[in-house]
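What the coordinates show
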Amino acid sequence: MREITRRALLTRGSMGAAGAIGVLAVPNVAMAAMRPDEPELTEAERQVLAQPFVVHLRDVATGELELLVGEESIVFTDKKLVARVLRAAR
Amino acid sequence: MSSHREAPGISKDPVADNTDTYAFVTPGDTVTIVTNYLPAQSPAGGPNFYEFGDDVLYEVHVDVDGDGRPDVTYRFRFETTVTNPDTFLYNTGPVTALDSPTWNRRQHYRVSRIDRRPGRGGRETVIAAGVPCPPCNIGPRSTPSYGSLAAAAVRALPDGTKVFAGQRADPFFVDLGSVFDLGTLRPFQSLHLIPTADAAGVDSLAGANVHTIAIQVPISHLTRDGSVPTDPMAAGSVIGVWGAASRRKATILDQVGKLGRGLGLGLGALASTAGPWVQVSRLGNPLFNEVVVPMARKDRWNALGPAHDAEFARYVAQPELARLLPVLYPGAFPNLAGLTADRADLLAILLTGIPAGIVPGFQNFTGTTQADMLRLNVAIPPAAAPDRLGLLGGDLAGFPNGRRLTDDVVTIELRAVAGATYPLVAPGYTPDGAASLVEDGTWSPPVRPLLATFPYVGLPHSGYAVPAA
């Protein structure tokens with residue numbers, strides 16, 4: 001499993017966005033996922049989030065996450081992201 | 001019930017609850033498939049009358065090669081619209097046409113087809129869009145001339161396919177009140193372990209509606225090689241059919257206006273959904289999940305496809321009901337009580353189809369893959385005088401060769417489990433006399449007023465005529 005960057009994650013998400021039906025505010029989880037060295041989102045990238053977009057933390061121990069967007073499920077592993085999410089939730 | 005509220009999970013989600021699936025050969029070299037949802041509707045269910053789920057994916061699957069996996073799939077997706085957001089009423093005047101402005105809350109649907117047969121590409125293709133559902137049958141003032149109003153909702157497509165989706169009278173008949181009271185069969189309850197005087201069966205669903213998705217398809221669209229088979233003994237004459245409903249993997253509830261599509265659309269207005277579709281209900285053979293699969297495994301069964309049904313085969317081979325009958329009716333089933341071998345007859349009927357050589361002139365065998373599907377031999381034409389007992393009554397066009405709306409599947413399966421079909425695989429076995437007599441007593445023609453043409457399922461009961469209990 002590779003670590004997925006927020007930008008790559010959004011790009012993958014946009015590929016499966018055809019079936020999206022609603023509007024979901026940018027979740028705090030996504031903000032927590034931001035890397036310090038990663039540039040701010042462009043307006044076009046922000047538009048990708050104008051749809052249901054759910055990140056499911058499947059396994060804390062392995063750092064396995066599942067991105068649910070459109071009709072797709074994208075599974076990836078990012079232990080650092082999981083750690084940031086968990087700390088954000090405290 | 002055949003599959004009405006048959007599992008703990010789906011019993012809490014009626015919009016996605018597949019109650020029955022039917023598949024039968026119809027005139028013009030076509031097959032009609034009916035899948036019903038939203039069980040046990042009280043016709044007087046206003047002001048929020050029953051409707052399909054915008055957030056549910058409804059599917060009809062057909063297997064052409066016996067592997068228990070779909071080769072042809074029809075998908076139905078619904079969309080609800082509200083004409084007047086400022087009234088609580090379903091209709092503000094008589095609904096006389098499907099575009100009547102007095103009808104306030106209506107549904108349209110889209111049908112797509114995925115053809116995974118060899119050389120067909122396997123891509124999803126929309127074959128109909130914007131098809132209207134009829135309104136629910138409210139009463140003589142709101143939905144006058146309901147028959148013609150609903151008939152206008154039958155859509156004929158250029159390729160010979162017909163579709164219909166909307167409220168209907170539930171064609172399934174069963175005495176629920178008795179069968180789930182410790183297996184009581186009213187006509188024979190004097191023989192029950194806790195006896196009372198014999199009585200006529202009570203059809204628990206006689207006044208109930210369901211929501212029907214019906215599709216009539218040219219046979220050539222559903223066979224392995226695109227032909228219209230004429231030889232019932234040819235392997236390519238048999239197709240497997242089942243219905244399924246799915247929901248998106250994630251649902252998020254939030255404030256109206258912040259998420260969702262707008263006002264007044266039920267769960268869709270409050271919810272956002274995301275992720276792939278996850279199956280929550282399916283149905284092939286009637287009563288399979290209802291009375292064969294143990295309660296603790298029913299939800300899992302609903303989430304799987306037929307290709308995985310080998311893990312449930314032991315419940316078919318050693319059905320719990322076959323062990324209960326001799327206990328509940330002492331002395332009535334001595335031979336069944338002594339029958340301890342695996343039930344190869346039931347395994348064939350429900351999971352592989354009946355091979356050639358068992359019933360003269362008939363087979364619906366799909367191979368060794370154990371999969372719960374309706375197996376329909378499309379080379380067998382409709383019967384001129386259908387027998388309610390189907391194959392058990394010598395009528396090759398009836399259940400378990402597919403399933404017709406009039407087939408008395410409760411009696412057929414009850415008798416089969418009781419041992420009536422075991423001699424097909426063990427000629428030395430003598431069924432108990434009771435095995436060919438047991439029934440719940442709800443069949444009395446005409447059990448349901450059906451239509452002579454597609455979608456065949458009868459008009460829904462009117463809310464005015466059948467007030468809520």
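Looking now at the overall build of chain A. Along chain A, the regular secondary structure elements total 4 helices and 3 strands. Scanning chain A from its N terminus toward the C terminus, one meets helices and strands in the order α-α-α-β-β-β-α. Taking all 90 residues of chain A together, 27% fall into the buried category. Within chain A, counting contacts between residues at least 6 apart in sequence, those at least 24 apart form 65% of the total.

On to the overall build of chain B, then. Along its length, chain B carries 10 helices and 12 strands. Seen along its three principal axes, the alpha-carbon backbone of chain B occupies a region of about 70 × 60 × 45 Å. Relative to its 469 residues, chain B shows a buried fraction of 51%.

Moving on, we get to the confidence of the model for chain B. All names here are of chain B. Per-residue confidence for chain B gives a mean pLDDT of 94; residues scoring 70 or more make up 96%. Here residues 257-268 is modelled with pLDDT under 50, and outside its nearest four sequence neighbours on either side it reaches 28 contacts, counting other chains as well. Across the interfaces of the predicted complex, the ipTM metric reaches 0.77, alongside a pTM of 0.91.

The subject of this paragraph is helix α10 (residues 409-420) of chain B. Spacing of three or four residues puts side chains on the same side of an α-helix, whose turn is 3.6 residues. Residues and elements named next belong to chain B. Between its first and last C-alpha atoms α10 spans 14 Å; for 12 residues at 1.5 Å apiece the expected length is 16 Å, and the helix comes up short by more than 12%. Burial runs high along α10: 12 of the 12 residues are buried. For α10, the set of buried residues is Val409, Val410, Thr411, Ile412, Glu413, Leu414, Arg415, Ala416, Val417, Ala418, Gly419 and Ala420.

Turning our eyes to something else, we now look at the sheet that holds strand β1 (residues 53-59) of chain A. Residue and element names in this part refer to chain A. In spatial order, the strands read β1-β2-β3; together these 3 strands make up an open sheet with antiparallel pairing. Edge positions in the sheet fall to β1 and β3 (72-77), since each of these pairs with one other strand and no more. Across the sheet, the mean angle separating the axes of adjacent strands is 25 degrees when strand polarity is ignored. Sheet topology places strand β2 (residues 64-69) next to β3; 6 bridges connect them, and they run antiparallel. Within β3, the residue paired with glutamate 64 across the bridge is threonine 77.

As a further point, take the sheet that holds strand β9 (residues 209-218) of chain B. All names here are of chain B. Judged by pairing direction, the sheet is antiparallel, and its 5 strands sit side by side in the order β1-β2-β9-β8-β7 without closing on themselves. Looking at strand neighbours, the two that pair on one side only are β1 (20-26) and β7 (155-156), the edges of this open sheet. Summarising the sheet, β1 and strand β2 (residues 30-41) pair through 7 bridges and their orientation is antiparallel. If you follow tyrosine 22 over to β2, its bridge partner there is valine 34.

Attention now goes to the environment of proline 70 of chain B. All names here are of chain B. If you trace the backbone, proline 70 turns up in the loop between β3 (56-63) and β4 (72-82). Overall, proline 70 belongs to the buried group, with 23 C-beta atoms counted inside 10 Å. Sequence separation of proline 70 and alanine 307 is 237 residues, and the distance between their C-alpha atoms is 9.3 Å. In contact with proline 70, not counting residues within four places along its chain, are His61, Val62, Asp63 and Arg116.

The next thing to look at is unusual backbone geometry. All names here are of chain B. Note the cis peptide between phenylalanine 399 and proline 400, where omega equals 10 degrees. Checked against the element boundaries, proline 400 lands in the loop between β12 (374-377) and α10. Geometrically, the link from phenylalanine 454 to proline 455 is a cis peptide bond, its omega value of 10 degrees lying close to zero. In the Ramachandran plot, serine 145 falls in the positive-phi region, its phi being about 50 degrees despite a non-glycine side chain. With respect to the helices, strands and loops of the structure, serine 145 is situated in the loop between β6 (124-132) and α1 (146-151). Serine 145 sits in the partly exposed class, given 13 other C-beta atoms within 10 Å. The phi angle at leucine 287 is positive, at roughly 70 degrees, despite the residue not being glycine. Mapped onto the elements of the fold, leucine 287 is located in the loop between β11 (271-283) and α4 (288-292).

Structurally, threonine 96 of chain B is set in the loop between β4 and β5 (105-115). Separated by 52 residues in the primary sequence, threonine 96 of chain B and serine 148 of chain B place their C-alpha atoms 9.2 Å from one another.

For the rest of this paragraph, the subject is the confidence of the model for chain A. Per-residue confidence for chain A averages 70 on the pLDDT scale, and 57% of its residues sit at or above 70. Segment residues 9-32 of chain A is flagged for pLDDT under 50; beyond a separation of four residues in sequence, or across chains, it makes 47 contacts in the model.

The subject of this paragraph is helix α5 (residues 295-303) of chain B. Buried residues of α5 of chain B: Lys298, Trp301 and Asn302 of chain B, and no others. Viewed end-on, α5 of chain B has its buried residues packed into an arc of 95 degrees, placing them on one side of the element.

With that out of the way, let us pick up the nonpolar core. The nonpolar side chains of a soluble globular protein tend to be buried, and buried together. Residues Val31, Val241 and Ala418 of chain B are the most contacted members of the largest nonpolar core, which totals 108 residues. Considering every element that reaches this core, the biggest residue donor is α10 of chain B, with 8 residues. Setting aside chain neighbours within four positions, we find alanine 418 of chain B in contact with Leu325, Phe333, Leu336, Asp432, Ala434, Ala435 and Val438 of chain B. Membership of the second largest hydrophobic core comes to 12 residues, among which are Val54, Leu81 and Val82 of chain A together with Ala250 of chain B.

Rules used in this analysis
- Residues numbered from 1 in each chain as written.
- Chains lettered and ligands numbered in written order.
- Predicted model: local features only at pLDDT ≥ 70, side-chain atom pairs only at ≥ 80, totals over all residues.
- Helix = DSSP H or I, 4+ residues; strand = E, 2+ residues; numbered from the N terminus.
- Buried ≥ 20, exposed ≤ 12 C-beta atoms within 10 Å, placed from the backbone.
- Contact = placed C-beta atoms within 7 Å.
- pLDDT = per-residue confidence, 0-100.
- Expected span 1.5 Å × (residues − 1).
- Pairing = 2+ DSSP bridges.
- Axes fitted to C-alpha atoms, helices over the stretch in contact; angles between N-to-C directions.
- Arc of directions from axis to C-beta.
- Core = buried A, V, L, I, M, F, W, Y, C linked by C-beta atoms within 7 Å.

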